[in-house]
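Coordinate analysis (summary)
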Amino acid sequence: MAQLEHVNVTVSDPRQTAAMLVDLFGWRVRWEGSAMNGAGYTVHVGTDESYVAVYAGSQPDQTVPKTDASYQTRGGLNHLGVVVDDLDAVEAKVKARGFTPHSHADYEPGRRFYFHDSDGIEIEVVSYA
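Spatial strand order, β5-β8-β7-β6: four strands in an open sheet with mixed pairing. In this open sheet, the two strands that pair with only one neighbour each are β5 (80-83) and β6 (102-107). Within the sheet, the average angular offset between the axes of one strand and its neighbour, ignoring direction, is 20 degrees. Sheet topology note: the β5/strand β8 (residues 122-127) ladder contains four bridges and is parallel. Following the sheet pairing, Val83 is matched in β8 by Val126. The strands touched by helix α1 (residues 14-25) are β5, β7 (110-116) and β8; relative to β8, the strand with the most contacts, the crossing angle is about 15 degrees.

With that settled, the discussion passes to α1. Taking 1.5 Å as the rise per residue, α1 with 12 residues should run 16 Å; its terminal C-alpha atoms sit 16 Å apart, in good agreement. Within α1, burial applies to Pro14, Thr17, Ala18, Met20, Leu21, Leu24 and Phe25. Buried residues of α1, seen end-on, are gathered within an arc of 160 degrees and therefore sit on one face of the element. Taking the backbone nitrogen of Arg15 as reference, a side-chain oxygen 3.2 Å away marks Asp13 as the first, capping residue of α1.

Right, let's talk about the layout of surface pockets for a bit. Of the volumes computed, that of the second largest pocket is approximately 330 Å³. Looking at the second largest pocket, it is lined by 18 residues, and the ones nearest its centre are Leu4, Ser50, Tyr51, Val52 and Gly81. It is β5 that provides the largest number of residues to the lining of the second largest pocket, a total of four residues. Of the residues contributing to the lining of the second largest pocket, the split by class is 11 nonpolar, six polar and one charged.

With mixed pairing, four strands are arranged side by side in an open sheet as β1-β4-β3-β2. In this open sheet, the two edge strands, each paired with only one partner strand, are β1 (6-10) and β2 (28-35). With direction set aside, neighbouring strand axes in the sheet form an average angle of 20 degrees. Sheet topology places β2 next to strand β3 (residues 40-46); seven bridges connect them, and they run antiparallel. Residue pairing in the sheet places Arg28 in a bridge with Gly46 of β3. Relative to β3, α1 is tilted by about 5 degrees, and along the sheet it contacts β2, β3 and β4 (51-57).

Here is what the cut-offs are and how they apply
- Residues numbered from 1 in each chain as written.
- Predicted model: local features only at pLDDT ≥ 70, side-chain atom pairs only at ≥ 80, totals over all residues.
- Heavy atoms only, no water.
- Pairing = 2+ DSSP bridges.
- Helix = DSSP H or I, 4+ residues; strand = E, 2+ residues; numbered from the N terminus.
- Axes fitted to C-alpha atoms, helices over the stretch in contact; angles between N-to-C directions.
- Contact = heavy atoms within 4.5 Å.
- Expected span 1.5 Å × (residues − 1).
- Buried < 20%, exposed > 50% of the residue type's maximum accessible area, 1.4 Å probe, protein only.
- Arc of directions from axis to C-beta.
- Polar contact = N/O pair within 3.5 Å; in protein donor to acceptor, adjacent residues only side chain to side chain.
- 1 Å grid on protein atoms, 1.4 Å probe; cavity = no way out; pocket = protein on both sides within 12 Å on 5 of 7 lines; lining within 4 Å.
- Points joined across faces, edges and corners; volume = space filled by probe spheres on them.
- Nonpolar A, V, L, I, M, F, W, Y, C, P; charged D, E, K, R; others polar.

Interpretation note: all reported values are geometric properties and have no functional meaning in isolation.
Right, dumping it as structure tokens:
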């Protein structure tokens, strides 16, 4: 049996993104530091079992902003999916951070919504409770 350990996502500010993930999902910073032989900075944020590595290169201002083309770009990140116990509580935190929840749905076996973070990364929040 295999399990997903982590994903690595390029962001503009790893510490800011990690703080958002800690606040919204109750995760913790597992590790942070210089990455790729000093060519960037990474924060690993998640649980003991899995995490999201949020990374910025040594010149994050060179990052090209994406349009919403991830679903048409091979190898593009479509969204991150996070399971939570209390969907309404997390949605309130998302709104308090100034993000706009969208695409709400009740479906078997749960409920969900999506939002885009400050880098345009789409995050799906789902509850099976």
